[in-house]
Structures are given as C-alpha cells and as structure tokens.
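Here is how the chains run, residue by residue.
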Amino acid sequence: MTQDNGDLDGLVRKRIRALRVAQGWSLEELAARARLSQSTLSRIENGHRRLALDQLVTLARALDTSLDQLVETATDDVVSSPMVDGAHGLMRWSLKAEPGMSVVRQRMTEPPPESPARMRAHPGREWLVVLSGTAILLLGDRRFRVETNQAAEFPTMLPHAIGRAEGGPCEILGIFDRDARRGHQRGGDAEGRIRPAP
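Residues numbered from 1 in each chain as written. Predicted model: local features only at pLDDT ≥ 70, side-chain atom pairs only at ≥ 80, totals over all residues. Heavy atoms only, no water.

Enquirer: Just checking my understanding: could you explain the nonpolar core for this structure?
Expert: For soluble globular proteins, nonpolar side chains are generally found buried alongside one another. Ranked by size, the top nonpolar core spans 16 residues in total, and within it Ile16, Leu30 and Leu59 carry the most contacts. Every element with two or more residues in this core is listed here: α1 (6–23), α2 (27–34), α3 (38–46) and α4 (53–62). Per-element accounting of this core gives the leading share, four residues, to α4. Apart from residues lying up to four places away in sequence, Ile16 is in contact with Leu30, Leu41, Ile44, Glu45, Leu56, Leu59, Leu63 and Leu70. Among the nonpolar cores identified, the runner-up in size contains twelve residues, and Leu128, Val130, Leu137 and Ile172 belong to it. (Core = buried A, V, L, I, M, F, W, Y, C linked by side-chain atoms within 4.5 Å. Buried < 20%, exposed > 50% of the residue type's maximum accessible area, 1.4 Å probe, protein only. Helix = DSSP H or I, 4+ residues; strand = E, 2+ residues; numbered from the N terminus. Contact = heavy atoms within 4.5 Å.)

Enquirer: I'm lost on the confidence of the model for the protein chain in this one. Help?
Expert: Parts of the prediction with low pLDDT should not have their coordinates interpreted in detail. Averaged over all residues, the pLDDT of the protein chain is 80; the fraction at 70 or higher stands at 77%. Put simply, helix α6 (residues 178–187) is where the protein chain has its lowest mean pLDDT, 63, and strand β5 (residues 134–139) is where it has its highest, 94. Taken as a whole, residues 188–193 scores under 50 in pLDDT and shows 16 contacts with residues more than four places along the chain or in a different chain. (pLDDT = per-residue confidence, 0-100.)

Enquirer: How should unusual backbone geometry be read in this particular structure?
Expert: Comment: phi is negative for the bulk of residues other than glycine, and the bulk of peptide bonds are trans. Not every positive phi belongs to a glycine, and Arg35 is a case in point at roughly 55°. Mapping Arg35 onto the fold places it in the loop between α2 and α3. Judged by its relative accessible area of 79%, Arg35 falls in the exposed class. Backbone geometry places Asp64, a non-glycine residue, at a positive phi of 60°. Position of Asp64 relative to the elements: it lies in the loop between α4 and α5 (67–71). Looking at Asp64, the relative accessible area reads 69%, which means it is exposed.

Enquirer: Which parts of the structure should I look at to understand the packing of α2 against α4?
Expert: Packed helices, taken two at a time, are described by the angle between their axes plus the distance between the axes. Packing of α2 against α4 brings their axes to within 8 Å, and their N-to-C directions diverge by 110°. As judged from the angle between their axes, α2 and α4 are roughly perpendicular. At the point where α2 passes α4, the crossing takes the right-handed sense. The segment α2 lies against α4, with Leu30, Arg33 and Ala34 engaging Thr58, Leu59 and Ala62. (Axes fitted to C-alpha atoms, helices over the stretch in contact; angles between N-to-C directions. Parallel < 35°, antiparallel > 145°, perpendicular 65-115°, else oblique. Left-handed = near helix turned anticlockwise from the far one by under 90°.)

Enquirer: Help me understand the packing of α2 against α3, please; the structure alone is not making it clear to me.
Expert: Running from amino to carboxyl end, α2 crosses α3 at an angle of 105°, the nearest separation of the two axes being 8 Å. In terms of axis orientation, α2 runs roughly perpendicular to α3. Contacts between α2 and α3 involve Leu27, Glu28, Leu30 and Ala31 on the former and, on the latter, Gln38, Leu41, Ser42 and Glu45. Here the contact of α2 with α3 is composed, by residue class, of four nonpolar, two polar and two charged. (Nonpolar A, V, L, I, M, F, W, Y, C, P; charged D, E, K, R; others polar.)

Enquirer: Where do I start with the sheet that holds strand β8 (residues 160–164) in this structure?
Expert: Sheets are built from strands paired through backbone hydrogen bonds, the pairs being either parallel or antiparallel. One open sheet holds the three strands; their spatial order is β6-β5-β8, and the pairing between them is antiparallel. Looking at which strands have only one partner, the edges of the open sheet turn out to be β6 (142–147) and β8. Each strand axis lies, on average, 20° off the axis of its neighbour in the sheet, ignoring direction. Where β5 lies against β6, six bridges are found, and the strand directions are antiparallel. Counterpart to Leu139 in the pairing with β6 is Arg142. (Pairing = 2+ DSSP bridges.)

Right, dumping it as structure tokens:
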C-alpha cells in the first residue's frame, strides 16, 4: 500500500495513530511493541513511508486488533432499523459485524417465574442492560436485582429467567450470541424468558 492509494491509505494511518493514542502509548511505546524503530513508526503515521503488509500485520497485533479491522473501509449501512414483533413486545436488530448475534429490546410486564422448572438452560452467552425500571434475573439458585443502567452478563448453561421487579414494568436490551439466540428460539415463548424473534 503506497501513499498514492488515497483514502484507504490515509484512513489506515489515522487509525494506527488513533489506536495508539487511545491506548495512551507514545510513539516509542508502540514502536517497541511492534519491534519497529520510532522513526519508522512516525513516518508511517505521517505518510512519509509506504505501508507494507508485514508492518501492518505487526502493528495490528501490537494494537490488539486484526488486520481486517485495521484496513476496514467505511460502510454506508451504518444505521439499521429493527424488525418489530408487536405480538411479543420485541424489537430485534442483527449485528452485521457478528453474524448470528442479535440485539433485542423488550418490555417485561410479568415477574420472573416462581417455579425453578420454568427456568431455561442452553448453550451460549447473554448480556442485558436495563433501560428503565428494575429487572429480576434468576440465575441458578441466585436472584439479582438489575437496576436502570445496570448490565448483567452470564453463561446461559445456568438455568435462568428474567422478569420485572415488584415496582412495575421494566424495559431491557438483550444481546444474544448465536447459541443463546438458537436456545431461545427453540424454547418458544415461556414467561420470564427473553425471546429473540426468528
């Protein structure tokens, strides 16, 4: 990649510098991590040295990113609209960068189930944040209160269920990896479960 490659070349150089600054590293620190001289790194960032593939691979590793992410170009489809499942009170977004992952927004109007038999376990991981109200997360034999703006992350192999606290409805945003999403789709619409739309 040479200076003549225009926008991509400039974008990669800016990205290297921005990632270095975000880590709080000086030119000297990143150069040492990437096993480059400080002057070489400075010339790369400033556009006075051509970008070589082997140096980009080394810099990507040193910056704790991938070569793909380092040279990724801007995309036009930054904003997306949700699929709405009005029957279940869900909005679902797919994450383009991670096929198979889903983001679900749901209003919880019922408390979590009282019977442990109604809790589910399945492969995967889930992450949720409470947007408003207070949620109750049952996880194995533990009970967690998750307040507005708090988040919870857990492996879904533990039996789990979620519902609103005694104060009224809550609204949550859940993120499901591919396995967790499949587990919820197979499980149907049981009370106290976040259910991504298919």
